[in-house]
Number of protein chains: 2
Amino acid sequence: MTTDSTLTPEQILTAAEDVLRRYGPAKATVVDIARALGVSHGSVYRHFPSKAALREAVTQRWLDQAHAELSTISAGSGPADERLHRWLATLFAAKKRKALEDPELFATYQALVGELSSTVEEHIETLIAQIAVIVRDGVDRGEFRPADAEFTARAVFQATAHFHDPVHAAEWKHDRADADFEAVWSLLLNGLRAG
Amino acid sequence: MTTDSTLTPEQILTAAEDVLRRYGPAKATVVDIARALGVSHGSVYRHFPSKAALREAVTQRWLDQAHAELSTISAGSGPADERLHRWLATLFAAKKRKALEDPELFATYQALVGELSSTVEEHIETLIAQIAVIVRDGVDRGEFRPADAEFTARAVFQATAHFHDPVHAAEWKHDRADADFEAVWSLLLNGLRAG
């Protein structure tokens, strides 16, 4: 049992995720979360001023889960083509894992995400900016053809939607999903590479 | 009023679409369709042996609507890059028109399509085969780099999912959708072109 004085935001978010998984986003309440933690609901409100703020924080954490790794790849060194491939493959693997290993929680988050379009838009802008860092490096080093990095990064992100946009999750369990990813990647890489 | 003896499959499919639009796929019945045409439901069954066969035919017609034009572009002559661009832009325009001008009917067909995965798979294979014809022409003429046409066509189709897959329909009304399409197209064209 957690005591009110030692309660951390992280513990609340973890408990919130459990409660969401169990009850779904429509039915989950702050009281359920407080009960799961053995604290008063006032203690939860001390960290998150409203149910809306808590929902947003828990969604943000979910969206950010693969970010640390992606951000490291984006900021790394080494050939741009290898980094971009690793970045895209890591994103695809993370999304696939979430969708296939815990489909119920994935569906729950899809519902939350549908209500928080500005949170999702920010998330997408962050991801595109990470791709742009790699594209800019590639162009600067002469590995990639000259291009507007932001513009190209957005095109790369959209052209790989099949392999990260949750609307395609039903297709990720197909045997050929990884081969399809590599085929799209090859085509994009040819498009990026300096002639 | 239509008489039983002059009733054509095309009239039945058009009436079926009206009925689907009005009642939705769950509630629409063959009796409703016969009533709309002023014929007995036996007359409808003379052309379509079951409700399932009728649903499949009406869905097939919906999927095929843009096919004639796409097929003409695919089989045409002229530079492969222009044809491929026209083919993809025509597909996107047709999908956008359906989704934005008659969202109710679009949703109805999405529900039908969800139940008929083999019909959809065939539809997709037909589209990919049309792209492959253009890619093969481009490779044969030295406009495109050497590549397996079927494999490349599938990659092109998947990389442009944003601009034809109905799961992305909500994004098609954005102001930047057409610019996004052109950005992805440029990247793909660079990937296809002979160096």
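Residues numbered from 1 in each chain as written. Chains lettered and ligands numbered in written order. Predicted model: local features only at pLDDT ≥ 70, side-chain atom pairs only at ≥ 80, totals over all residues. Heavy atoms only, no water.

Under an unreviewed UniProt entry, the name given to chain A is TetR family transcriptional regulator, and the source organism is Kitasatospora terrestris.

Student: Got a minute to help me understand the relation of the copies chain A and chain B in this structure?
Tutor: In summary, the two copies of the chain are related to each other by a rotation about an axis coupled with a shift along it. Screw-axis analysis of chain A against chain B gives a translation of 0.0 Å along the axis, an RMSD of 0.0 Å, and a rotation angle of 180 degrees. Taken together, these values place the two copies in the relation of a two-fold axis. Using C-alpha coordinates, one finds that chain A approaches the rotation axis most closely at Gly191(A), a distance of 1.7 Å. Mapped onto chain B, 100% of the interface residues of chain A are again interface residues, and the two copies thus contact each other with one and the same surface. (Least-squares fit on C-alpha atoms with pLDDT ≥ 70 in both. Contact = heavy atoms within 4.5 Å.)

Student: Even after reading the chapter, I still don't get the packing of aromatic side chains, so can you show me in this structure?
Tutor: For any pair of aromatic rings, geometry is given as the distance between the ring centres together with the angle between the planes. Throughout the structure, instances matching the rule amount to 14 aromatic pairs over all chains. Seen from their ring centres, Phe92(B) and Phe163(B) are 5.3 Å apart, and the 70 degrees between their planes marks the pair as edge-to-face. Note that Phe92(B) is positioned in helix 6 (residues 80-101) and Phe163(B) in the loop between helix 9 (149-159) and helix 10 (177-192), a separation of 71 residues in sequence. Exposure remark for Phe163(B): the relative accessible area of 3% places this residue in the buried category. Taking the centre distance of 5.5 Å and the plane angle of 75 degrees together, the rings of Phe163(B) and Phe181(B) count as edge-to-face. Placement of Phe163(B) in the loop between helix 9 and helix 10 and of Phe181(B) in helix 10 is noted, with a sequence separation of 18 residues between them. In terms of burial, Phe163(B) and Phe181(B) fall into one category: buried. The structure contains a cluster of three or more aromatic residues connected by ring pairs, namely Trp62(A), Phe92(A), Phe106(A), Tyr109(A), Phe163(A), Trp172(A) and Phe181(A). The aromatic ring of Phe92(A) is capped on one face by Lys96(A), whose charged end is 4.5 Å from the ring centroid. One residue, Lys98(A), lies across the ring of Trp62(A), its end atom 4.2 Å from the ring centre. (Phe/Tyr/Trp six-rings, centres within 6.5 Å; stacked < 30°, edge-to-face > 60°. Helix = DSSP H or I, 4+ residues; strand = E, 2+ residues; numbered from the N terminus. Buried < 20%, exposed > 50% of the residue type's maximum accessible area, 1.4 Å probe, protein only. Lys NZ or Arg CZ within 6 Å of the ring centre and 35° of its normal.)

Student: Which parts of the structure should I look at to understand the interface of chain A and chain B?
Tutor: Interfaces are frequently sized by the accessible area removed from exposure as the parts join. Taken together, the 24 residues of chain A in the interface contact 24 residues of chain B. With both chains or domains summed, chain A and chain B bury close to 2,100 Å², and 61% of this area falls on carbon and sulfur atoms. On the chain A side of the interface with chain B, the three residues burying the most area are Arg154(A), Gln158(A) and Leu187(A), jointly 27% of the side's total. Applying the counting criterion to the chain A and chain B interface returns two salt bridges. The partner of Asp180(A) in a salt bridge is Arg154(B), with the nearest N and O atoms 2.7 Å apart. Our enumeration of links across chain A and chain B arrives at seven residue pairs in polar contact (both at pLDDT 80 or more). (Buried area = accessible area lost by both parts, 1.4 Å probe. Salt bridge = Lys/Arg side-chain N within 4 Å of Asp/Glu carboxyl O. Polar contact = N/O pair within 3.5 Å; in protein donor to acceptor, adjacent residues only side chain to side chain.)

Student: Looking at this structure, how should I read the pattern of salt bridges?
Tutor: On inspection of all chains with the given rule, the structure shows 26 salt bridges over all chains. Among the ionic pairs, Arg35(B) bridges to Asp32(B), the shortest N-O distance being 3.6 Å. Pair noted here: Arg35(B) and Asp32(B) are both in helix 2 (residues 30-37), with a separation of three residues, about one helical turn. For Asp180(B), the salt bridge is made with Arg176(B), and the minimal N-O distance between the two is 3.7 Å. Among the charged side chains, a network of salt bridges with common partners joins Arg83(A), Asp137(A), Arg141(A) and Glu143(A).

Student: Can you help me understand a negative patch on the surface in this one?
Tutor: Residue and element names in this part refer to chain A. A grouping of Glu56, Glu121, Glu122 and Glu125 is seen on the molecular surface, where their side chains present a negatively charged patch. Broken down by element, the negative patch gets its largest block of residues, three residues, from helix 8 (residues 117-140). Residue placement: Glu125 occurs in helix 8. (Patch = residues over 30% accessible without salt bridge, like charges linked within 9 Å, V, L, I, M, F, W, Y side chains within 5 Å. Areas by Shrake-Rupley, 256 points an atom, 1.4 Å probe, with all protein chains shown as cover. Lys, Arg positive; Asp, Glu negative; His and termini not counted. Charge placed at Lys NZ, Arg CZ, Asp CG, Glu CD.)

Student: Which parts of the structure should I look at to understand the UniProt feature "DNA-binding region" (unreviewed entry) in chain A?
Tutor: Mapped onto this numbering, the UniProt entry gives "DNA-binding region" (unreviewed entry) at residues 29-48 of chain A. Across residues 29-48 of chain A one finds 75% helix and 0% strand; the C-alpha atoms that close the span lie 13 Å apart. (UniProt positions renumbered as here; feature names shortened; annotations may be inferred.)

Student: Help me understand the side chain of Lys96(A) in this model?
Tutor: Residues and elements named next belong to chain A. Position of Lys96 among the secondary structure elements: in helix 6 (residues 80-101). The exposure class of Lys96 is buried, given its relative accessible area of 16%. Once you skip the residues sitting within four places of it in the chain, Lys96 turns out to touch Glu101, Trp172 and Asp178.

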